[in-house]
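# Survey of secondary and tertiary structure
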Amino acid sequence: MSRVYNFSAGPSMLPVEVLERAQKEMLDCNGSGQSVMEMSHRSKEYQAIIDKTEATLREVLNIPDNYKVLFLQGGASTQFAMVPLNLGNKNKKADYVITGQWAKKAYAEGGRYLEATAIASSADKTFSYLPKVDKSMLTPDADFVHICYNNTIYGTHYNTMPDFGDAVVVADMSSCILSEEVDISKFGIIYAGAQKNMGPAGVTVVIIREDLIGDAMDITPTMLNYETHSENGSMFNTPPTYGIYIVGLVCEWIKEMGGIKIMHEKNVEKAKILYDFLDNSKMFKGTVVPEDRSLMNVPFVTDSEDLNAKFIAEAKAKGFINLKGHRSVGGMRASIYNAMPKEGVEKLVAFMTEFEANN
Ligand SMILES: *Cc1c(COP(=O)(O)O)cnc(C)c1O
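Remember, it's a predicted structure, so these values are computed and weren't measured experimentally.

Here we take up the pattern of salt bridges. One pass over the structure, following the stated rule, counts 18 salt bridges. Where K44 meets E45, a salt bridge forms, and the shortest distance between an N and an O atom there is 3.8 Å. In this structure, the salt-bridge partner of E252 is K52, at a minimum N-O distance of 3.4 Å. Taken as a pair, E252 in helix 6 (residues 241–257) and K52 in helix 2 (residues 44–61) lie far apart in primary sequence, 200 residues in all. Taking the relative accessible area as the measure of exposure, E252 reaches 12% and is therefore buried. Via salt bridges that share partners, R21, E25, K52 and E252 belong to a single interconnected network.

Put into structure tokens, the structure is as follows:
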């Protein structure tokens, strides 16, 4: 068996230890004589699994007691609608910071249900930086302000949290959740599709402050009302059972290595290897201003499209796959989530050094 180094933005690598454990438990999980996939979601065996996933996630992320954890479906994209439908009933106004494609999509979807205001944007420089934002820029009676905490496509990340005062802050953390410590109490809602850094596609985790539940707009479909899922322990209907189980194993894996602080230190160390190389290379360069760089998604370019294409093809042949940048940016992007071993980044940099010398 040979495994590739997969630099995909998502779905992406999962820790080998997690995959091996899932393999071991595939036919008989916890002595139940069944695969998790075959269990009734109403069984006590499955209840124990979802409870453990939630408990471990709460522990590794240090989620305060006044926050609910929901396991939903529909991807982060469904949250673009759920957030305004559930939080925008008071004044039907919300602010958005436009820092890339996902933020733009959230803003557009918000505009279908309320008066959405783009308070700042970094579109002028292809989203290569985060615009400075603070509470003075907010619409006074907006119901919430939405930010994309880590911009997967452009490789920017809020390395310091903006000061939004008492505003309800909603953050899309799809591509950075579990990569670093976060003060959850600064947010009203944090949401994330699992397929970047938490598990397989199909589960979306929503962490929501309790007092924000229960005032959805009348038009809100039952399935898009946070209250529906909160009242039913994420079991109003059949939840994505297997995905939730894997999210639990991923959280246990983080816990076993020493927790999120250690995970973050590893991520800093890993990203530094790549950024240091980019900062010193004459051929490759990073596209993001240093202060807003992401630890998870690292876009870079050469000054020639042909060279980019040659690099991507040769890298693939060596087992470094999915290095092509997003279709809207071009160039390259290395997504180095939690599950990417340090060795994968070191070998990529060694290959880039060799490529630069040969070209
Ligand atoms: C991938 C991604 C999305 C979209 O996620 P889906 O689960 O495919 O809907 C939204 N926001 C961010 C930041 C992402 O990285």
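So, on to the sheet that holds strand 12 (residues 297–301). The three strands are arranged 11-12-14 in an open sheet whose pairing can be described as antiparallel. For this open sheet the edge positions go to strand 11 (285–286) and strand 14 (332–335), each flanked by a neighbour on one side alone. Pairing of strand 11 with strand 12, which is carried by two bridges, proceeds in the antiparallel orientation. Across the sheet, K285 pairs through a bridge with V301, a residue of strand 12. Sitting on the sheet, helix 7 (residues 260–280) is in contact with strand 11, strand 12 and strand 14, with an inclination near 20° to strand 12.

Moving on, we come to the domain arrangement of the protein. Where the parts come together, the accessible area they lose is often given as the size of the interface. What the domain assignment lists for the protein is domain 1 (18–257) and domain 2 (259–358). A combined buried area of about 2,200 Å² lies between domain 1 and domain 2, and 56% of that area is made up of carbon and sulfur atoms. Here domain 1 is connected to domain 2 by zero salt bridges. If you look at where domain 1 meets domain 2, you find 13 residue pairs in polar contact (both at pLDDT 80 or more).

Let us look at unusual backbone geometry. Residue G10 is joined to P11 through a cis peptide bond whose omega torsion reads -10°. By the element assignment, P11 lies in the loop between strand 1 (5–6) and helix 1 (16–24). The phi dihedral of F127 falls on the positive side, at around 55°, and the residue is not glycine. Within the secondary structure, F127 is located in the loop between strand 4 (115–121) and strand 5 (144–148). By relative accessible area, F127 is classed as buried at 5%. One non-glycine residue, L178, lies in the positive phi region at around 75°.

Here the focus is helix 3 (residues 75–87). Under the 1.5 Å per step criterion, the end-to-end length of helix 3 is 18 Å for 13 residues, consistent within 8% with the ideal 18 Å. The largest bend along helix 3 measures about 30° and falls at A81, with the proline P84 one to four residues further on. With 10 of 13 residues buried, helix 3 is to be regarded as a mostly interior element. Those residues of helix 3 that sit buried are A76, Q79, F80, A81, M82, V83, P84, L85, N86 and L87.

In this section: the side chain of N225. By the element assignment, N225 lies in the loop between strand 10 (204–209) and helix 5 (226–231). Dropping the residues within four chain positions of it, N225 is found in contact with M82, N86, A216 and T220.

A surface patch of nonpolar side chains, about 320 Å² in accessible area, is lined by M26, L27 and M37. As for its placement among the helices and strands, L27 is situated in the loop between helix 1 and helix 2. On the basis of relative accessibility, which here comes to 71%, the residue L27 falls in the exposed class.

Procedures and definitions
Residues numbered from 1 in each chain as written. Predicted model: local features only at pLDDT ≥ 70, side-chain atom pairs only at ≥ 80, totals over all residues. Heavy atoms only, no water. Salt bridge = Lys/Arg side-chain N within 4 Å of Asp/Glu carboxyl O. Helix = DSSP H or I, 4+ residues; strand = E, 2+ residues; numbered from the N terminus. Buried < 20%, exposed > 50% of the residue type's maximum accessible area, 1.4 Å probe, protein only. Pairing = 2+ DSSP bridges. Contact = heavy atoms within 4.5 Å. Axes fitted to C-alpha atoms, helices over the stretch in contact; angles between N-to-C directions. Domains from an automatic or database assignment. Buried area = accessible area lost by both parts, 1.4 Å probe. Polar contact = N/O pair within 3.5 Å; in protein donor to acceptor, adjacent residues only side chain to side chain. Expected span 1.5 Å × (residues − 1). Bend = angle between axes of the 7 residues up to and from the residue. Patch = residues over 30% accessible without salt bridge, like charges linked within 9 Å, V, L, I, M, F, W, Y side chains within 5 Å. Areas by Shrake-Rupley, 256 points an atom, 1.4 Å probe, with all protein chains shown as cover.

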